[in-house]
Amino acid sequence: MEYIQAFWVGGLICALVQILLEKTKLMPGRIMVLLVCAGAVLGSLGIYDRLIDFAGAGASVPLPGFGNILFKGVKKAVLEHGFLGIFMGGFTAGSAGISSALIFGYLASIIFKPKMKN
Amino acid sequence: MEQSRKEQEKIKKYEDYVKRKTPVHSLAKNMWWAFLSGGLICTLGQGILNFCRGLGLDKETAGSWTSVSLILLSVLLTGLNVYPKLARRGGAGTLVPITGFANSVAAPAIEYQKEGQVFGIGCKIFTIAGPVILYGILISSFLGLIYYFLHMWGLA
Amino acid sequence: MGRTVGEQSIQFDSSVYLLGGGSVVGKLEGEGPLGKYFDRVGEKDGLFGCSSWEEAESALQKEALSIAMEKAGVSREELRLIYAGDLLAQTIASSFGVMGFHRPVYGLYGACATMGEALSLASMAVAGGYGDYVGAVTSSHFCSAEKEFRYPLGYGSQRPLSATWTVTGSGACVLGTRRSRARITGITTGKIVDYGLKDSFNMGACMAPAAASTIEANLRDFGRRPEDYDRIITGDLGEVGQKILFDLLAERGISIEKQHMDCGIEIFDKETQDTHAGGSGCGCSAATFAAYILPKIEKGQWKRILFIPTGALLSKVSYNEGKSVPGIAQAVVAEHC
């Protein structure tokens, strides 16, 4: 059951973004920024966690889930460290995603060569 | 003033005309492919998540393992030239999941290796992902600032 | 010598001859409808034995010009001048491409219209008596162009149907005073035309107004009708740009539908090659001219043609700053003789 929920919620988010891609002149880079910011805002309002409770990976795997993680990290750090937490929480919470992408990306640049699109 | 308004109207007229003349992908079809590919990636994520939970990991650790695994998979598929092929069909379905983020990191890293470690890979690895990280941190810190005050005043 | 006619054209009285053409393209282009006409087709990896896309593009130019010189029977020492251009920043592919010839060089940038520019300037040099043998060469490479103007190749993105596919290829011609079966009898230099469009994925629509302007000017300056040409051949308008060109010319009472051909549409098979609106890049018109158009003129299958490479004028900076994408089109009249 949770697989089905993950599938259709995740799929729906993507399908809606597809409309955005085609109906506006927004480039993919801008869309990614928009999604992460939207996730952080929805997270701060407590809405995104409810979506994750319902759809699991269907909500956490899309990029708004990343924004949600960033905000939750800041929130947690604020509770622990007060004002300083504003500057600490984001990277702490997003570290697994950001570091793994950078590390694997770097390793890929050593292993793989650029290829012709075909 | 009058001149520039006329100019604007002319541009608008040509834009509209070009829009009519330009064929576009069928939106319904592309939405379907986005739905399918995005849904499948999320389902795969759910599978990894459940597996990690099954090993007795807590929710957050399992979530991190899921992200790391999907990112690794996406980077491999990027290096093997498979991810761009999937994306040609999948569109937003391959862009929106965390795998799309990983693809945007790995693709420039691979492409710009010829331009050196620092100014090639080092700088260009952030060309697409950099803005995502910057604005993600900016907005979450800003929201955190609001939260800080709300919390201080006992409102949150 | 030549003389100016009308507002923006030159007619060459003493003849400027086309002595030979050379073309080298990538594998995809080699599999396209014009595949059998190209002198050399590369491997699937698109590298042409080099280690980067930029080096590969330079190798293309070198090879194309060498073939053109060989066909023209012109030695390196005899070549008085080279006009070379490409799409990369600071036209670096041309610099490294023609450096090894150790001949006097002018580097050109005219976006995808560069072959028209190169042929025009080479014609003027020959007609003016400034060189018995002059080379014109341009190139583009799908991978180096994607990297320069769009995304890294491994990045997953969807291309709109109006997008064109940058041709991997180079075309070169040697022009001179020695009599041959084809000559350039006139040129019409294009003006920059801006209809305010900002969509870099719809280059055809950005360039069509420029093509219309240059075609109209050519017909007016030379006092000709479209029927006076066996073919009117644009560079890389693609499917979308072609439709718009017909409409824009129809507004001015000109119909070229019977004579019109577009190198970008001809070079790929849009049904099987998934290249969307067609080919583009300054290698597209150049390779098609050297491989397909020039031989037809030499054989007399076409008596007189109008060749109009079209270019979209944008840079990464101008695009990010929200500037429009103006177009330019350079016309060359080639005749059988």
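Residues numbered from 1 in each chain as written. Chains lettered and ligands numbered in written order. Predicted model: local features only at pLDDT ≥ 70, side-chain atom pairs only at ≥ 80, totals over all residues. Heavy atoms only, no water.

Explain the overall build of chain C here, please?
When you go through chain C residue by residue, the secondary structure sums to eleven helices and 16 strands. Seen through its C-alpha atoms, chain C measures out along the principal axes to roughly 55 × 50 × 35 Å. Every one of the 337 residues in chain C was classed for burial, and the buried ones make up 66%. A fraction of 78% describes how many contacts in chain C between residues 6 or more apart in sequence connect residues 24 or more apart. Of the roughly 11,700 Å² of accessible surface on chain C, 49% is carried by carbon and sulfur atoms. Between the mean site of the 33 positive side-chain charges and the mean site of the 39 negative ones, chain C shows a separation of 4 Å. (Helix = DSSP H or I, 4+ residues; strand = E, 2+ residues; numbered from the N terminus. Buried < 20%, exposed > 50% of the residue type's maximum accessible area, 1.4 Å probe, protein only. Contact = heavy atoms within 4.5 Å. Areas by Shrake-Rupley, 256 points an atom, 1.4 Å probe, with all protein chains shown as cover. Lys, Arg positive; Asp, Glu negative; His and termini not counted. Charge placed at Lys NZ, Arg CZ, Asp CG, Glu CD.)

I'm lost on a nonpolar patch on the surface in this one. Help?
Residues and elements named next belong to chain A. A contiguous nonpolar surface patch, about 640 Å² in accessible area, is contributed by M1, I4, W8, L12, L16 and F54. The element best represented in the nonpolar patch is helix α1 (residues 2-23), accounting for four residues. Following the sequence through the fold, M1 ends up in the segment before α1. The exposure class assigned to M1 is exposed, which follows from its relative accessible area of 68%. (Patch = residues over 30% accessible without salt bridge, like charges linked within 9 Å, V, L, I, M, F, W, Y side chains within 5 Å. Salt bridge = Lys/Arg side-chain N within 4 Å of Asp/Glu carboxyl O.)

What is the right way to read empty space enclosed by the protein from this model?
By rolling a water-sized probe across the atoms, one finds the places where empty space is left. The tally for this structure, following the rule as stated, stands at four cavities of 30 Å³ or more. In this structure, the largest cavity encloses a volume near 80 Å³. What lines the largest cavity is A:K113, A:P114, A:K115, B:T78, B:G79, B:N81, B:A107, B:I110, B:E111, C:L153 and C:G154. Taken together, the elements giving at least two residues each to the lining of the largest cavity come down to α3 (59-79) and α6 (98-111) of chain B. A per-element tally of the lining of the largest cavity places α6(B) first, with three residues. For the lining of the largest cavity, the residue count by class is four nonpolar, four polar and three charged. By volume, the second largest cavity is sized at about 50 Å³. As for the second largest cavity, its lining consists of A:K117, C:E146, C:R150, C:Y151, C:S157, C:Q158, C:R159 and C:F201. When grouped by side-chain class, the residues that make up the lining of the second largest cavity number two nonpolar, two polar and four charged. (1 Å grid on protein atoms, 1.4 Å probe; cavity = no way out; pocket = protein on both sides within 12 Å on 5 of 7 lines; lining within 4 Å. Points joined across faces, edges and corners; volume = space filled by probe spheres on them. Nonpolar A, V, L, I, M, F, W, Y, C, P; charged D, E, K, R; others polar.)

Would you mind showing me how to read the packing of aromatic side chains here?
Two measures describe an aromatic ring pair: the distance that separates the ring centres and the angle between the ring planes. The tally for this structure, following the rule as stated, stands at 17 aromatic pairs over all chains. With centroids separated by 6.1 Å and ring planes inclined at 65°, the aromatic side chains of A:F83 and A:F87 adopt a geometry described as edge-to-face. Where A:F83 meets B:Y148, the ring centres are 5.2 Å apart and the plane angle is 75°; that geometry is what we call edge-to-face. Here the residue A:F83 occupies a position in the loop between α5 (63-81) and α6 (89-111), and B:Y148 occupies one in helix α8 (residues 129-152), the pair thus bridging two chains. One aromatic cluster is present, formed by A:F83, A:F87, B:Y148, B:F149 and B:W153 through successive ring pairs. Taking NZ or CZ as reference, C:K296 lies 5.7 Å from the ring centre of C:W302, over its face. (Phe/Tyr/Trp six-rings, centres within 6.5 Å; stacked < 30°, edge-to-face > 60°. Lys NZ or Arg CZ within 6 Å of the ring centre and 35° of its normal.)

Sorry if this is basic, but what is going on with the side chain of B:S74 here?
Residues and elements named next belong to chain B. The topology assignment puts S74 in helix α3. The buried category is assigned to S74, whose relative accessible area is 0%. Beyond its immediate sequence surroundings of up to four residues, S74 is in contact with Y83, T99, A102 and N103.

Looking at this structure, I do not really get the pairing of strand β13 (residues 304-308) of chain C. What am I missing?
Regular strands show a simple pattern: their side chains alternate between the two faces of the sheet. Residues and elements named next belong to chain C. Taking burial as the measure, the five residues of β13 include four buried ones, the bulk of the element. As paired elements, strand β10 (residues 231-234) and β13 share four bridges and run parallel to each other. Following the sheet pairing, I233 is matched in β13 by F307. Across four bridges, the pairing between β13 and strand β16 (residues 331-336) is antiparallel. Paired with F307 across the two strands is V332, which belongs to β16. (Pairing = 2+ DSSP bridges.)

Could you clarify how one ought to interpret the interface of chain A and chain C in this entry?
By a widespread convention, an interface's size corresponds to the accessible area lost as its parts come together. Facing the twelve residues of chain A at the interface are 16 residues of chain C. Carbon and sulfur atoms supply 56% of the area buried between chain A and chain C, which totals about 1,100 Å² over both sides. The largest per-residue losses of area from chain A upon contact with chain C belong to A:M27, A:M116 and A:K117, which jointly make up 56% of the total buried on that side. Put simply, chain A and chain C have zero salt bridges between them. Where chain A touches chain C, the interface holds one residue pair in polar contact (both at pLDDT 80 or more). Taken together, the elements giving at least two residues each to the side of chain A that touches chain C come down to α1 and α2 (28-44) of chain A. Considering each element in turn, the side of chain A that touches chain C owes the most residues, three residues, to α2(A). Partitioned by chemical class, the residues of the side of chain A that touches chain C number five nonpolar, three polar and four charged. (Buried area = accessible area lost by both parts, 1.4 Å probe. Polar contact = N/O pair within 3.5 Å; in protein donor to acceptor, adjacent residues only side chain to side chain.)

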